Amino acid sequence: MLPEEIVELASQFGKYGYRRITALLRHRGWHVNHKRVERIWRREGLKVPAKQPKRGRLWFNDGSCVRLRPAWKNHVWAYDFVDL
């Protein structure tokens, strides 16, 4: 059964989350959706990582960008002279 397989993989690979476990299940031949694995993951009481907040935009609608103004010496640097 799928829940037993998920718990077995989660105990074997403790650092993996439900997305990586989904990939392992697919590799083993299961045809599962990551949402279904997440639902079973929560029901079985396994640790679910917190969702990360989306990053805000750096630019405004008119195309301009938020620029830092230097507040002290060596506060703001430019990357146009750095050779990468």
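Residues numbered from 1 in each chain as written. Predicted model: local features only at pLDDT ≥ 70, side-chain atom pairs only at ≥ 80, totals over all residues. Heavy atoms only, no water.

**Q** Give a detailed account of helix H3 (residues 34–43), specifying residues and quantitative values.
**A** Inspection of H3 places Val37, Glu38, Ile40 and Trp41 among the buried residues, and these make up the whole buried set. All buried residues of H3 lie within an arc of 165° about the axis, which places them on one face of the element. What points out from H3, more than 90 degrees from its buried face, is the exposed set Lys35, Arg39 and Arg43. Residues of H3 that are buried make contact with helix H1 (2–12) and helix H2 (18–27). Trailing H3 by a residue or two, Gly45 shows a phi angle of about 80°, which is positive. (Buried < 20%, exposed > 50% of the residue type's maximum accessible area, 1.4 Å probe, protein only. Helix = DSSP H or I, 4+ residues; strand = E, 2+ residues; numbered from the N terminus. Arc of directions from axis to C-beta. Contact = heavy atoms within 4.5 Å.)

**Q** Got a sec to walk through unusual backbone geometry? Specific residues and values, please.
**A** Even without a glycine there, the phi angle at Asn74 is positive, about 65°. Structurally, Asn74 is set in the segment after H3. The exposed category is assigned to Asn74, whose relative accessible area is 53%.

**Q** Report on the side chain of Thr22, specifying residues and quantitative values.
**A** With respect to the secondary-structure elements, Thr22 resides in helix H2. Looking at Thr22, the relative accessible area reads 2%, which means it is buried. Once residues within four sequence positions are removed from consideration, Thr22 is found in contact with Val32, Asn33, His34 and Val37.

**Q** Explain the nonpolar core residue by residue, including any values.
**A** Core analysis: the biggest nonpolar cluster contains eleven residues, these being Leu2, Ile6, Leu9, Ala10, Tyr18, Ile21, Leu25, Val32, Val37, Ile40 and Trp41. Of the residues forming this core, the biggest block, four residues, is contributed by H1. (Core = buried A, V, L, I, M, F, W, Y, C linked by side-chain atoms within 4.5 Å.)

**Q** So what about the pattern of salt bridges? Which residues, and what values?
**A** Under the criterion given, the structure shown has two salt bridges. In this structure, the salt-bridge partner of Arg28 is Glu5, at a minimum N-O distance of 2.4 Å. With Arg28 in the loop between H2 and H3 and Glu5 in helix H1, the pair connects residues that are 23 residues apart, well separated along the chain. One salt bridge connects Arg42 with Glu38, and the closest N-O pair in it is separated by 3.1 Å. One end of the pair, Arg42, and the other, Glu38, are both in helix H3, four residues apart, so they sit about a helical turn from each other. Take Glu38: its relative accessible area is 14%, and that puts it in the buried class. (Salt bridge = Lys/Arg side-chain N within 4 Å of Asp/Glu carboxyl O.)

Read these as layout, nothing more, since geometry by itself doesn't imply function.
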